[in-house]
Amino acid sequence: MRKRNLILFAIIKNAIFQKDLFACITVPLRFGCRYVEWMIRPSELNILGERKYFSAEWSWFLRVMAVFIFLGLGISGEIFVLRKIERYRKVWDKYSTWILLISLSSIVVLGDVVRKYIPINLLLLLGIINIAAMEIKIYYCDNQEL
């Protein structure tokens, strides 16, 4: 329990981790605002960087297609994530918790060094590490080599 609290306080104090958490919240919000602005008045940038607006018929077609595409991507992404969560629940154990804690503490301690050489969001890196570890574990459990 003390190790978890220590890691939690180290995360709270780490400025780079805080910036990445803030970026995970603001970047999708900014994208959503730009998408709503585009839905109100569809346009594109031409070669000179000037905004070119579409005709009314083409604008409505683009709006409807964009809504269908985002709904389709959202629904299929949700189904994919829910299936992966169920799969991870089956193989989650104390070793998975240790991998999570070790990767989290490593990122907190080495986050400054990692960001100097690889410009990646640390939360994204944490997710990639843990997803890769769980996929390796699932692969070995399926092949019964572990």
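Each remark here, short or long, concerns the structure printed above.
Residues numbered from 1 in each chain as written. Predicted model: local features only at pLDDT ≥ 70, side-chain atom pairs only at ≥ 80, totals over all residues. Heavy atoms only, no water.

## Examining the overall build of the chain
Right, so step 1: For the chain, the count of helices and strands is five helices and two strands.
Right, so step 2: The N-to-C order of helical and strand elements in the chain reads α-α-β-β-α-α-α.
Right, so step 3: Its C-alpha atoms give the chain a radius of gyration of 21 Å, clearly above 15 Å, the size a compact globule of 146 residues would have.
Right, so step 4: Referenced to the eigenvectors of the C-alpha coordinate spread, the extents of the chain come out at roughly 60 × 40 × 25 Å.
Right, so step 5: Here the chain contributes 20 positively and 12 negatively charged side chains, and the mean placements of these two sets differ by 8 Å. (Helix = DSSP H or I, 4+ residues; strand = E, 2+ residues; numbered from the N terminus. Rg over C-alpha atoms; globule rule 2.2 N^0.38 Å. Lys, Arg positive; Asp, Glu negative; His and termini not counted. Charge placed at Lys NZ, Arg CZ, Asp CG, Glu CD.)

## Focus on helix H4 (residues 94–117)
Every α-helix carries 3.6 residues per turn, so stepping three or four residues along brings you back to the same face.
Right, so step 1: Here H4 contains 24 residues, and its C-alpha end-to-end distance of 32 Å stays within 8% of the 34 Å for a straight helix at 1.5 Å per residue.
Right, so step 2: Largest kink in H4: about 70°, centred on Leu110.
Right, so step 3: By the burial criterion, the buried members of H4 are Ser96, Leu101, Ser103, Leu104, Ile107, Val108 and Gly111. (Expected span 1.5 Å × (residues − 1). Bend = angle between axes of the 7 residues up to and from the residue. Buried < 20%, exposed > 50% of the residue type's maximum accessible area, 1.4 Å probe, protein only.)

## Quick word on the pattern of salt bridges
Pairs may arise between side chains of opposite charge once their charged atoms sit close together.
Right, so step 1: Enumeration according to the criterion identifies three salt bridges in this entry.
Right, so step 2: Notably, a salt bridge pairs Lys137 with Asp93, separated by 2.3 Å at the nearest N-O pair. Of this pair, Lys137 sits in helix H5 (residues 122–143) while Asp93 sits in the loop between helix H3 (56–91) and H4, and the two are 44 residues apart along the sequence.
Right, so step 3: You can call Asp93 partly exposed: its relative accessible area is 30%. (Salt bridge = Lys/Arg side-chain N within 4 Å of Asp/Glu carboxyl O.)

## Considering H3
Right, so step 1: With 36 residues, H3 extends 53 Å between its outermost C-alpha atoms, agreeing within 8% with the 52 Å of an ideal straight helix rising 1.5 Å per residue.
Right, so step 2: Within the sequence span of H3, burial applies to Ser59, Leu62, Arg63, Ala66, Tyr88 and Val91.

## Overview of the layout of surface pockets
Right, so step 1: When its volume is computed, the largest pocket comes out at roughly 350 Å³.
Right, so step 2: In terms of lining, the largest pocket is formed by 13 residues, of which the most central are Arg34, Tyr35, Trp38, Ser43 and Arg51.
Right, so step 3: Those elements that provide at least two residues to the lining of the largest pocket are helix H2 (15–40), strand S1 (43–45), strand S2 (51–53) and H3.
Right, so step 4: Classifying every residue of the lining of the largest pocket by side-chain character gives seven nonpolar, one polar and five charged. (1 Å grid on protein atoms, 1.4 Å probe; cavity = no way out; pocket = protein on both sides within 12 Å on 5 of 7 lines; lining within 4 Å. Points joined across faces, edges and corners; volume = space filled by probe spheres on them. Nonpolar A, V, L, I, M, F, W, Y, C, P; charged D, E, K, R; others polar.)

## Thoughts on the environment of Ile12
Right, so step 1: Note on placement: Ile12 falls in helix H1 (residues 2–13).
Right, so step 2: Ile12 sits in the partly exposed class, given a relative accessible area of 47%.
Right, so step 3: Measuring from C-alpha to C-alpha, the distance between Ile12 and Gly111 comes to 13 Å, with 99 residues separating the pair along the chain.

## So, the environment of Gly74
Right, so step 1: Its location among the elements puts Gly74 in helix H3.
Right, so step 2: Judged by its relative accessible area of 40%, Gly74 is partly exposed.

Read these as layout, nothing more, since geometry by itself doesn't imply function.
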